[in-house]
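Here is how the chains run, residue by residue.
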Amino acid sequence: MSSSTNQSASAAQPLPQKVTRNQSEKPPELKPRIAFYIFACANITAAIFSPIQDCDEVFNYWEPTHYLNHQYGLQTWEYSPEYAIRSWAYSGIHSLIIWLGLFPFRMLFIVSSKTVEFYFLRVILALVCTLCQTRFYSVISRTINERVAVYFMFALVFSPGMYHAAPAYLPSSFAMYTTMLGFSAFMDWRGGLKTAQGIMWFAIGSSLGWPFAGALVLPFVAEELILAVASGEISQCFRRLLDGAVRSFIILAAQTGIDSFFYKKLTCVPLNIVLYNVFSGGSKGPNIYGVEPWHFYIRNLALNFNIWFFLALGALPLLLLQHLVVQKSVSKQTILRNVVFSGPFYLWLGIFTLQPHKEERFMYPAYPALALNAAISLHILLGNFGSADPRHLVSKIPPMVKLVIVMLPLLASFNVGMLRTIGTLTGYAAPLNVYTPLSQSGVTSPGDKVCLGKEWYRFPSSYHLPDGVHAKFIKSDFSGLLPGEFSEDKTNPGLFPGTWLVPAGMNDENQEDMGKYVDIKQCDFLVDSRLPGSSPSELEPDYIADTKTWETLKCVPFLDASQTHILGRLIWIPNSPLIPVRYRRQWGDYCLLRRKA
């Protein structure tokens, strides 16, 4: 074992413990088993109730998975073999989970609804996230401090950001899972350095998930190199890094083999993603889908993590202040470890703040790093604020006053986080609930068409439609490229011909293709919304009011964000006479319509 490994014991408690009257008193400990139950409750609740935040989740992941399971579905240009920037290995794993997990129930004729498949996979993703969170929690508790681990848990459980990220079927969520496992491997020095294992987890997240997630491994690799140079054990470090590189190559080769099988040509999807997002220019690349100002992620993370985000930003300054001013006897290795632990969040935030194209899901891989930084900051602040050392001014503050000062912002954070989560759930859940009448006996027949106009981007996937019922698009005011459909041509030999047949009308410049639309006369059902803040147009008439053509099967209240005060958009506001009218949330209708005979 290397000398750097032997020093792990001295680095096991890099943060100061709160000064107490009995220095031998052990901090309260929350067992990993209990943490697992807490994480599981939060994540499964999110899996059942959380609305889908991003249409990319539906069209790029749920729909291809539906195609693998049910032989039809909507296809985006990213899955065209011409571009191949989405991985069938990733979709295939989730398709296999659904098939294997529900196969025994299907054989017993218990599962009859595709909606069950949808929520089954969501719950599985929530449980996978739970296992990764529990593993990371356990490592933080052993490596840093039990209190830091508890604060880490609070930061994740009570933040609206994790409510969306934990059960999301997105590569960025998958990369978030592997990030926690990668962090755990690099941080846990018990039994020796786990460099190769850590690199492997980041490689899995980067290849199957999102290639850019590999940036999060850089601080840990830098630590390895610094310690190797300092200890003179460069050869051992090289072997560990080479071991991790070989594992990463095997993972990438396996994925390339699977994707090449589906695309029927040699395809390295992670390479294609990097080439498109980094080296495309002109009318191509991610920027054609919209850009945001530099402060987008600051505003977004402040909403989704409130006080925890600002604590996360203060982690590195507080650590340096603690080690260089308060605890001057701390070793250089301890300082290095803490800088490495807190560094990934700053690195990720910096990289993506510089990118013009920004989306909330791009931050998902860094959510665990944010929570760790926030927990470290809170521990340092409470440790110093709770000092009983008579030399410190804070020791003269009465304990009850200290408790109030500490609890007020934490309780406020908890309440704001819960109110925002409840507000999102109650305001935007309609797209997941409005399709239920279609599953009733006699309502639909195979071959029926459910059409979407201006509500195309809120479609929750074909898993919410009965077998043989297809989603179609009608022309609306939107003028970009909509998804097409996977080929159902049975004359082509081989499995899943839709994965390798080149579809018509695809492009990587978001140019509209009129072939993606059907005439509204072909529609048997229609999903539409009517919001007070929106006016009908020629291409987006008020279909709900057209009672001669359509009958309403179900309408669900939907928040009209354009007419709701910013407070009502950010958090849940009760519909009470006690609330001033200007602050109340304003509602519209989200409806499923059926064509009259």
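Here the structure is a predicted model, which means the values were calculated and not measured.

Of regular secondary structure, the protein chain possesses 20 helices and seven strands. Taken against the 2.2 N^0.38 rule, which gives 25 Å for 597 residues, the C-alpha radius of gyration of the protein chain at 26 Å falls within 12% of a compact globule. The principal-axis extent of the C-alpha atoms belonging to the protein chain is close to 85 × 65 × 55 Å. With 597 residues in all, the protein chain has 53% of them scored as buried. In the protein chain, 77% of the contacts between residues at least 6 apart in sequence involve partners at least 24 apart. Taken as a whole, the protein chain presents about 26,100 Å² of accessible surface, with 65% of it coming from carbon and sulfur. Across the protein chain, the centroid of the 48 positively charged side chains sits 11 Å from that of the 41 negatively charged ones.

Let us now look at the nonpolar core. Phe-152, Met-187 and Leu-372 are the most contacted members of the largest nonpolar core, which totals 132 residues. A total of twelve residues in this core trace back to one element, the largest contributor, which is helix H17 (residues 367–385). Residues from two domains meet in this core; each of domain 1 (32–427) and domain 2 (435–595) gives at least three. Leaving out residues up to four positions away in the same chain, Met-187 has contacts with Phe-136, Val-139, Ile-140, Thr-143, Ile-144, Phe-220, Arg-337, Phe-341 and Leu-372. If you look at the next biggest cluster of nonpolar residues, it comprises ten residues, including Ile-474, Val-518, Tyr-543 and Cys-591.

Looking now at the UniProt feature "transmembrane region" (unreviewed entry) in the protein chain. UniProt's feature table lists "transmembrane region" (unreviewed entry) at residues 88–112, 118–136, 148–166, 201–222, 307–326, 335–354, 366–388 and 400–419, given in the numbering used throughout. A helix fraction of 95% and a strand fraction of 0% characterise residues 335–354, whose end C-alpha atoms lie 28 Å from each other. For the annotated span residues 400–419, helix accounts for 100% and strand for 0% of the residues, and the straight-line distance between the end C-alpha atoms is 28 Å.

H17 packs onto helix H15 (residues 315–326) with a crossing angle of 40° between their chain directions and a minimal axis gap of 8 Å. It follows from the interaxial angle that H15 and H17 lie oblique. At the point where H15 passes H17, the crossing takes the left-handed sense. In this structure, H15 uses Ala-315, Leu-318, Leu-319, Gln-322 and Val-326 to contact H17, whose residues at the interface are Asn-373, Ile-376, Ser-377, Ile-380, Leu-381 and Asn-384. Here the residues of the contact of H15 with H17 sort into seven nonpolar, four polar and no charged.

With that settled, the discussion passes to the state of the cysteines. Applying the stated rule across the entire model yields two disulfides. The disulfide that involves Cys-451 links it to Cys-523, with 1.9 Å between the sulfurs. Around the S-S axis, the bridge from Cys-451 to Cys-523 shows a dihedral of about -90° and counts as left-handed. Within this pair, whereas Cys-451 is found in strand E2 (residues 449–452), its partner Cys-523 is found in the loop between strand E4 (484–485) and strand E5 (525–530), the two being separated by 72 residues in sequence. For Cys-451, a relative accessible area of 0% gives the class buried. By relative accessible area, Cys-523 is classed as buried at 1%.

Partitioning the protein chain into structural domains gives domain 1 (32–427) and domain 2 (435–595). Inter-centroid distance (C-alpha atoms) of domain 1 to domain 2 is 31 Å. Opposite the 48 residues of domain 1 that make contact, domain 2 presents 45 residues. Between domain 1 and domain 2, roughly 4,100 Å² of surface is buried when both sides are summed, and carbon and sulfur atoms account for 63% of that area. Looking only at domain 1, the three residues that lose the most surface to domain 2 are Tyr-67, Tyr-72 and Gln-75, adding up to 18% of its buried area. Counting across the interface, domain 1 meets domain 2 through one salt bridge. For Lys-284, the salt bridge identified is with Asp-508, shortest N-O distance 3.8 Å.

Here the focus is the sheet that holds strand E6 (residues 550–559). Judged by pairing direction, the sheet is mixed, and its five strands sit side by side in the order E3-E2-E5-E7-E6 without closing on themselves. With partners counted over all chains shown, the strands left at the sheet margins are strand E3 (470–473) and E6, one partner each. For this sheet, the mean angle separating the axes of adjacent strands, direction not counted, is 25°. Contacting E6 and strand E7 (587–595), helix H18 (residues 399–428) runs over the sheet at an angle of about 165° to E6.

Below, the discussion takes up the pattern of salt bridges. Overall, the coordinates contain 19 salt bridges when judged by the stated rule. For Arg-337, the salt bridge is made with Glu-223, and the minimal N-O distance between the two is 2.9 Å. A residue pair is termed long-range when its members are at least 10 positions apart, and Arg-337 in helix H16 (residues 332–353) and Glu-223 in helix H10 (residues 218–231) qualify at 114 residues. Comparing Arg-337 with Glu-223 shows no difference in burial state: the two are buried. The salt bridge partner of Arg-240 is Glu-224, with a shortest N-O separation of 3.3 Å.

Turning next to the packing of helix H3 (residues 55–70) against helix H5 (residues 114–143). Two elements in contact, H3 and H5, have axes separated by 12 Å at closest approach and are oriented at 125°. Here H3 is positioned oblique relative to H5, judged by the angle of their axes. The two elements H3 and H5 meet at a crossing, and its hand is right-handed. In this structure, H3 contributes Trp-62, His-66 and His-70 to the contact, and H5 contributes Lys-114, Glu-117, Phe-118, Leu-121 and Arg-122. Considered class by class, the residues forming the contact of H3 with H5 number three nonpolar, two polar and three charged.

Time to look at helix H11 (residues 234–263). Taking 1.5 Å of rise per residue, the 30 residues of H11 would be expected to cover 44 Å, and the 42 Å separating its terminal C-alpha atoms lies within 8% of that figure. All of the buried residues along H11 are Cys-237, Arg-240, Leu-241, Gly-244, Ser-248, Ile-251, Gln-255, Thr-256, Asp-259, Ser-260, Phe-262 and Tyr-263. Buried residues along H11 sit in contact with H3, helix H4 (88–107), helix H9 (195–209), H10 and helix H12 (269–279).

Within the protein chain, residue pLDDT values average 90, and 93% of them lie at 70 or more. Taken as a whole, residues 16–24 scores under 50 in pLDDT and shows 14 contacts with residues more than four places along the chain or in a different chain.

Before going further, it helps to spend a moment on the environment of Val-527. By secondary structure assignment, the location of Val-527 is in strand E5. A sequence separation of 93 residues divides Val-527 from Val-434, and the C-alpha atoms of the two residues are 8.5 Å apart. Among all residues touching Val-527, those that are not within four sequence positions of it are Tyr-435, Val-450, Cys-451, Leu-452, Gly-453, Glu-455, Tyr-590, Cys-591 and Leu-592.

How each quantity is defined
Each residue is numbered by its place in its chain's sequence as written, counting from 1. Only residues with pLDDT of at least 70 are given local features in this predicted model, and only at 80 or more are side-chain atom pairs given and counted; all residues enter the totals for whole chains, interfaces and linings. The side-chain figures draw on all heavy atoms in the structure; neither hydrogens nor water molecules are used. Secondary structure elements follow DSSP: runs of H or I no shorter than four residues count as helices, runs of E no shorter than two count as strands, and numbering proceeds from the N terminus. The size measure is the radius of gyration over C-alpha atoms, and the globule rule it meets is 2.2 Å times the number of residues to the 0.38 power. A 1.4 Å probe rolled over the protein chains alone gives each residue an accessible area, and that area as a share of the maximum for its type sets the label: buried under 20%, exposed over 50%, partly exposed in between. Any two residues whose heavy atoms approach within 4.5 Å are treated as being in contact. Accessible surface area values rest on a Shrake-Rupley calculation with a 1.4 Å probe, where residue burial reflects the displayed protein chains alone. Counted as positive: Lys and Arg. Counted as negative: Asp and Glu, with His and the chain ends omitted from the count. Charge placement uses NZ in Lys and CZ in Arg. For Asp and Glu, CG and CD serve respectively. Throughout, nonpolar core names a set of buried Ala, Val, Leu, Ile, Met, Phe, Trp, Tyr and Cys residues whose side chains join them through atoms within 4.5 Å. Either an automatic procedure or a domain database provided the assignment from which the domain bounds are taken. UniProt positions are given in the numbering used here, feature names are shortened, and annotations may be inferred rather than shown by experiment. Orientation is described by lines fitted to C-alpha atoms, with helices fitted over the stretch in contact, and by angles between N-to-C directions that extend from 0 to 180 degrees. Angle categories: roughly parallel below 35 degrees, roughly antiparallel above 145, roughly perpendicular from 65 to 115, and oblique for all the rest. We call a crossing left-handed when the near helix sits turned anticlockwise from the far one by less than a right angle, and right-handed when that turn is clockwise. All amino acids are sorted into three groups, where Ala, Val, Leu, Ile, Met, Phe, Trp, Tyr, Cys and Pro are nonpolar, Asp, Glu, Lys and Arg are charged, and the leftover types, Gly among them, are polar. Cysteine sulfur atoms that come within 2.5 Å of each other are treated as a disulfide pair. Two parts placed together each lose some accessible area; with a 1.4 Å probe, that loss summed over both constitutes the buried area. We define a salt bridge as a contact between a side-chain nitrogen of Lys or Arg and a carboxyl oxygen of Asp or Glu at a distance within 4 Å. At least two bridges found by DSSP between two strands are what make those strands a pair. Here, expected helix span is obtained from the residue count minus one, scaled by 1.5 Å. Scored from 0 to 100, pLDDT records how confident the predictor is in each individual residue.

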